[in-house]
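Okay, here's what each chain looks like letter by letter:
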Amino acid sequence: MRQGSPYPPPRPPYPDVVVVGSGIIGAACAEALTRRGVRVTVLDRAPLASGTTAHGEGNLLVSDKPPGPELDLALASSARWPRLLAELGEELGEELGTGLAERCEYETKGGLVVALGEAGARALAGFTAAQRAAGVTAREVGPHDVHAYEPHLAPGVRAAVHYPQDAQVQPVAAAAALLDAVRRRGGILRAGVRALGVERGPGGRVTALRTSAGTLPCGAVVNACGPWAGRFAGEAGAPLPVQPRRGLVLVTAPLPPGTVRHKVYDADYVGAVGSGDADLRTSTVVEATRGGTVLIGSSRERSGFEERFRVAVLRELARKATALFPVLGHVPVIRAYGGFRPYTPDHLPVIGPDPRLPGLWHATGHEGAGIGLAPATGELLAQLYAGEPPCLDPEPYRVARPGLAAEEARCSA
Amino acid sequence: MFRVTVDGAERWARTGQTAAAVLLAAGRASWRTTRGGRPRGIFCGIGVCHDCLVVVNGVPDVRACWRVVEAGDRIETQEGARLPCLPPETGAGTTPGAAREVTVPVVVVGAGPAGLAAALAAAGAGARVTLVDDGERPGGQFLRQAADGPARGAAVRAVQEHPRIAWLPGSTVWALEPGGGPPSGTQDRTDAGWTVHVLQGPADAPGRTAHTLRTAALVLCTGAYDRALPFPGWDLPGVVTAGAAQALAKGQRTAIGRRVVVSGTGPFLLPVASSLLTVGARVLGVYEAGSPAAWLRTPVAALRDGHAKLPELLTYAARLARHRVPYRTRQAVVAAHGRDRVEAVTVARLTPEWQISPGSERRIEDVDAVCVGYGFTPQLELALAAGCALRDNTWVAVGARQQTSVPGVYAAGEPTGIGGAALAAAEGELAGLAAAHWAEHRGDAAGWAPADVVARGPAARRRVLAGRRFARLLAAAHPVRDGWHTWLGEDTLVCRCEEVPYGVLRTAVGERGPDASDGLAADGMCTFKLTTRVGLGPCQGRICARNAAGLCGPGTLPDPQTADRRPIAQPVRLADLAAPGPEPRATTALDPTALDPGAPDPAAPYREDPT
């Protein structure tokens, strides 16, 4: 880990840090680093923020996370998102900065978790009790009051919980806002450049990044490649068990405002997120966008980087969504999109320096929660880089943790 | 004749009549308002633009141009976004059943000239074929005919009578996925076949009949639709694409207006004007933005490769002359005027770059319809869903046997390039023969020389090569010049669905600048769409994406074709999607070890056709 001042004079003529990956995580890391005066270059092999970030829903959820390190990160991020957008707006000045949160479609619409069956209702009750103890605001809604929250919800809801902290943001707009800040502070953004590996100097430290556009000398490299982070880590010589897990989202035709008011999901959501099963898992998340369309997510399946969809997955999503909202049955789906999420075997992100390769840092493995977890991830990484006291205990997210090591051994065996 | 209701009033309707034709016959130019309150009616006429949405029997978001009405149908205006409102008893009746499953060696999607030829060639070579098309009758746009008359055209009749061709009318392919095809004896990933998901029944109705077609070979003849350039007032009801006017005239015997102006570029404007005359419209003028003098630059080539088209074009020209229809070159409709529908247009002379020559604008009053066509945009959804590579980011790349980059998938007709019906039919014949052979001897590309092809292949191939030369001449003679950008006002909508005006796009482009490393290029199409909302509406960018990308500057967006990726190729009601699907098969070719999708498949016997 880098020690001491982040402003070592005299400064060499190359960036202090190259962030590989311009998705929401890379953008958040670059933003947090440039805010501390670190000189950053952000690379992406594709157009900026066009990978996982461009293919998700923009969920900022605390409701789906059991107490533990991921919830801690989610709570910190949930508090950070509005402050971050306000700060960036101020930095932009009155003319451009006003309404930045609005332009990023940041909305604290709240989540509503619904159990249609008795078993789900019991599981939900236990789950929320534990979450409340960990600092989550969760309000039980009686079966008779639930239609005041969501008028079109199916009859026969057994239990429901309202999570006012759940929010939403338009991920590409949010990433663009973060990257704009990086650019404004003198950071360099380069799209269409592929990272190929790292150069190591005496003592084994990273001295440069090898790219498709030549070698780029730098002080450190942040691997924010999302689902491709495992591949890049391997190319850099420090394998990491991050794999793609695919998610699909259906988009309906525009519907009247107020058809779906919250992020509404099935109580079985938690089961799918916490599973390592390669087989298909789906659980319903239904929510409206500002454009009037309703998004229906989300499936999770491990099928490599296969881009073509399985219709069975679409069917499963449609079945569960219409079970929650029967009115959607005769609404047309106009689009489906899929993305790859970075999956780790212990379902925790990897944030921090790689002890095997000084100068290589990781910020990846957020699976489907990266948009929500981005601000705290960027902040934590920048604090560790700058030697500041971290806002969260970094231990659970460290690279050399047992949950990753076991899988890594299996991979290399 | 039977009765339907339009906003409660009874109207007579004919067999095969579309809801749009019924509404036009009732004197309605518009029957929907956007969420922004703008009136809309028919625009593309062939199910692409989603402008003509209407409520039928309580179900909103039904494309009026596609929906064939039935006795007792209730047609209602659709204001903004609406939720379905079905009486409880019909709700139960429209619960979809399980899909009908069929295993068939060859599936041909699209029954225009290319699809008809492909189906007949494959069936002639001994393969069983399922031919799928949205229309009630085979023929596509080119051979479109009224549903209540006798079937005309040898190919149209032949596919309906052929014992090895199963014709699925009124059927839409909404998805296809790799795998699930008939067993081939090997476990090779490249020959696991395809599963084609089809819904059959009244367009956009809930509870249509689902078919699951499992096939070894797939021939995509999905055609193209008119490209319309935006100009002030182009979203007024009464402004339609040339193809919409043609489809209404040919298929519905309905004139889009009584006093009509035609504008655009390319020889297609002539048959459109001609069709309008046959259904009794008065054509006030045909305005060709380009200069047909371009054809005279290569007169020998034009005559050699295009001679077959001359008699047809002369027939149209003669009809226009007989009706004293003015035909003006280097002029175009650059604005349409009116309150709730088009009432007048501005025509202007264009510079060679298509800017408006100052002072050349003149108004034509008493216009009730404008038909525009600036070339064609191919329907690529299914080809992209299959993973086919593109040529010039625009067309499906094919080899000498019309094979795409994906084994077992063939393409013919307009998805591979625009060259007219004869070229499409020749390509279709090659594709059909090759598909039949693939279905029989999968993976055995080396042994590709069955007796049929030895006999018929070379002749079809010669016609394809001549057709492609003509297609290149056509493209060179009728390019779309960037000067159309100057026709737009700040408030001219570029994206009709999401109502995104030119000013918003200009701001987005201006903020980023065209600098490749740090600008719009770095953002890409996806970010551009999500930040401006261009292309996010019901048409999914089919009408606007190409124009919006053009406004950013040529080649500025590195990935314009991402706008064409629509894995759900046609809208599907959620309840139909939720219907029980067929049992998954073990051969489903989803390979967890699949690596970078950009990597070429070494097993693919594919080389792009240098011609």
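Rules of the game
- Residues numbered from 1 in each chain as written.
- Chains lettered and ligands numbered in written order.
- Predicted model: local features only at pLDDT ≥ 70, side-chain atom pairs only at ≥ 80, totals over all residues.
- Heavy atoms only, no water.
- Helix = DSSP H or I, 4+ residues; strand = E, 2+ residues; numbered from the N terminus.
- Buried < 20%, exposed > 50% of the residue type's maximum accessible area, 1.4 Å probe, protein only.
- Contact = heavy atoms within 4.5 Å.
- Areas by Shrake-Rupley, 256 points an atom, 1.4 Å probe, with all protein chains shown as cover.
- Lys, Arg positive; Asp, Glu negative; His and termini not counted.
- Charge placed at Lys NZ, Arg CZ, Asp CG, Glu CD.
- Polar contact = N/O pair within 3.5 Å; in protein donor to acceptor, adjacent residues only side chain to side chain.
- Buried area = accessible area lost by both parts, 1.4 Å probe.
- Salt bridge = Lys/Arg side-chain N within 4 Å of Asp/Glu carboxyl O.
- Nonpolar A, V, L, I, M, F, W, Y, C, P; charged D, E, K, R; others polar.
- Pairing = 2+ DSSP bridges.
- Axes fitted to C-alpha atoms, helices over the stretch in contact; angles between N-to-C directions.
- Phe/Tyr/Trp six-rings, centres within 6.5 Å; stacked < 30°, edge-to-face > 60°.
- Lys NZ or Arg CZ within 6 Å of the ring centre and 35° of its normal.
- Domains from an automatic or database assignment.
- Patch = residues over 30% accessible without salt bridge, like charges linked within 9 Å, V, L, I, M, F, W, Y side chains within 5 Å.

1. A look at the overall build of chain A
Secondary structure assignment for chain A yields twelve helices and 19 strands. The principal-axis extents of the C-alpha atoms in chain A amount to approximately 65 × 55 × 40 Å. Residues counted as buried form 61% of the 413 residues belonging to chain A. Excluding contacts between residues fewer than 6 apart, the proportion of contacts in chain A whose partners are at least 24 apart in sequence is 74%. Summing over all exposed atoms, chain A offers an accessible surface of approximately 14,100 Å²; the carbon and sulfur share of this is 56%. Of the side-chain charges in chain A, 43 are positive and 41 negative, and the distance between the mean point of each set is 4 Å.

2. Re the side chain of histidine 478 of chain B
All names here are of chain B. With respect to the helices and strands, the residue histidine 478 is situated in the loop between helix H11 (451-477) and strand S28 (493-495). According to the relative accessible area criterion, histidine 478 is buried, its value standing at 12%. Here the side chain of histidine 478 touches glycine 266 through a polar contact of 3.2 Å, landing on its backbone nitrogen. Separated by 3.5 Å, the side chains of histidine 478 and glutamate 288 make a polar contact. What histidine 478 contacts, discounting residues up to four positions off in sequence, is Thr265, Gly266, Pro267, Glu288 and Trp295.

3. Digging into the interface of chain B and chain A
Each partner contributes to the interface: chain B provides 59 residues, whereas chain A provides 52 residues. Together, the buried faces of chain B and chain A total about 4,600 Å²; carbon and sulfur atoms form 61% of this surface. Connecting chain B to chain A are zero salt bridges. For the pair chain B and chain A, the interface holds twelve residue pairs in polar contact (both at pLDDT 80 or more). Breaking the side of chain B that touches chain A down by element, the ones donating at least two residues are strand S6 (59-63), strand S12 (171-178), strand S13 (194-200), helix H9 (381-386), helix H13 (520-532), strand S30 (572-573) and helix H15 (574-577) of chain B. A total of seven residues in the side of chain B that touches chain A trace back to one element, the largest contributor, which is H13 of chain B. Tallied by class, residues from the side of chain B that touches chain A come to 36 nonpolar, nine polar and 14 charged. As defined by bridge partners, strand S17 (residues 332-343) of chain A adjoins S30 of chain B across two bridges and the pair is classed as antiparallel. For valine 333 of chain A, the partnering residue across the bridge sits in S30 of chain B and is valine 572 of chain B.

4. Details of the sheet that holds strand S22 (residues 362-364) of chain B
All names here are of chain B. Sheet architecture is open: three strands sit in the order S20-S21-S22, paired in antiparallel fashion. Looking at the sheet topology across the chains shown, the edges are occupied by strand S20 (331-337) and S22. The mean angle between the axes of side-by-side strands here comes to 35 degrees, regardless of whether they run parallel or antiparallel.

5. Regarding the packing of aromatic side chains
On inspection of all chains with the given rule, the structure shows nine aromatic pairs over all chains. Judged by centre distance (5.7 Å) and plane angle (85 degrees), the ring pair of phenylalanine 43 of chain B and tryptophan 234 of chain B falls under edge-to-face. Highlighted residues: phenylalanine 43 of chain B in the loop between strand S4 (39-40) and strand S5 (53-56) and tryptophan 234 of chain B in the loop between strand S15 (224-226) and strand S16 (239-241), separated in sequence by 191 residues. Comparing phenylalanine 43 of chain B with tryptophan 234 of chain B shows no difference in burial state: the two are buried. Members of the aromatic cluster, joined through ring pairs, are Trp228, Phe305 and Phe340 of chain A. Directly above the aromatic system of tryptophan 12 of chain B lies the positively charged group of arginine 3 of chain B, at a separation of 4.3 Å from the ring centroid. The residue whose ring lies beneath arginine 496 of chain B is tryptophan 234 of chain B, and the NZ or CZ to ring-centre distance is 4.7 Å.

6. Focus on helix H6 (residues 269-278) of chain B
All names here are of chain B. Across the ten residues that make up H6, a large majority, nine, are buried. All buried positions along H6 are accounted for by Leu269, Leu270, Pro271, Val272, Ala273, Ser274, Ser275, Leu276 and Leu277. Residue glycine 280 follows H6 closely and has a positive phi angle near 90 degrees.

7. Description of the environment of glycine 524 of chain B
With respect to the helices and strands, the residue glycine 524 of chain B is situated in helix H13. C-alpha of glycine 524 of chain B to C-alpha of threonine 556 of chain B: the two residues are 32 residues apart in sequence and 8.5 Å apart in space.

8. Looking at the sheet that holds S6 of chain B
Residues and elements named next belong to chain B. Strands sit in the order S2-S1-S7-S5-S6 across an open sheet of five strands; the sheet is mixed. Only two strands of the sheet have a single partner each, and these edge strands are strand S2 (9-13) and S6. Neighbouring strand axes in the sheet, compared pairwise and without regard to direction, differ in orientation by 40 degrees on average. Pairing geometry for strand S1 (residues 2-6) and strand S7 (residues 74-76), over two bridges, is parallel.

9. Digging into the domain arrangement of chain A
Residue and element names in this part refer to chain A. What the domain assignment lists for chain A is domain 1 (17-86 + 170-242 + 346-412) and domain 2 (111-164 + 244-343). The straight-line distance from the C-alpha centre of domain 1 to that of domain 2 is 27 Å. Between domain 1 and domain 2, the residue contacts involve 27 residues of the former and 33 residues of the latter. Buried surface at the junction of domain 1 and domain 2, summed over both partners, amounts to about 2,400 Å²; 60% is from carbon and sulfur atoms.

10. Quick look at the environment of aspartate 226 of chain B
All names here are of chain B. Relative to the helices and strands, aspartate 226 is located in strand S15. Residues aspartate 226 and histidine 307, spaced 81 residues apart in sequence, show a C-alpha to C-alpha distance of 24 Å. If sequence neighbours within four positions are ignored, aspartate 226 has contacts with Thr241, Ala242, Gly243, Phe268, Gly373, Gly375 and Phe376. Polar side-chain contacts of aspartate 226 include one of 3.1 Å to the backbone nitrogen of glycine 243.

11. Concerning unusual backbone geometry
In this model, glutamate 105 of chain A sits at a positive phi of 55 degrees, which is unusual for a non-glycine residue. Tracing the sequence through the fold places glutamate 105 of chain A in the loop between helix H4 (100-103) and strand S4 (111-115). Exposure remark for glutamate 105 of chain A: the relative accessible area of 17% places this residue in the buried category. You will see that arginine 533 of chain B, though not glycine, has its phi angle at about 75 degrees, which is positive. Note that arginine 533 of chain B resides in the loop between H13 and helix H14 (545-551). By relative accessible area, which is 23% here, arginine 533 of chain B ends up partly exposed.

12. Focus on a nonpolar patch on the surface
A contiguous nonpolar patch, built from Leu303, Leu310 and Leu314 of chain B and spanning about 290 Å² of accessible area, is present on the exposed surface. The topology assignment puts leucine 314 of chain B in helix H8 (residues 310-322).

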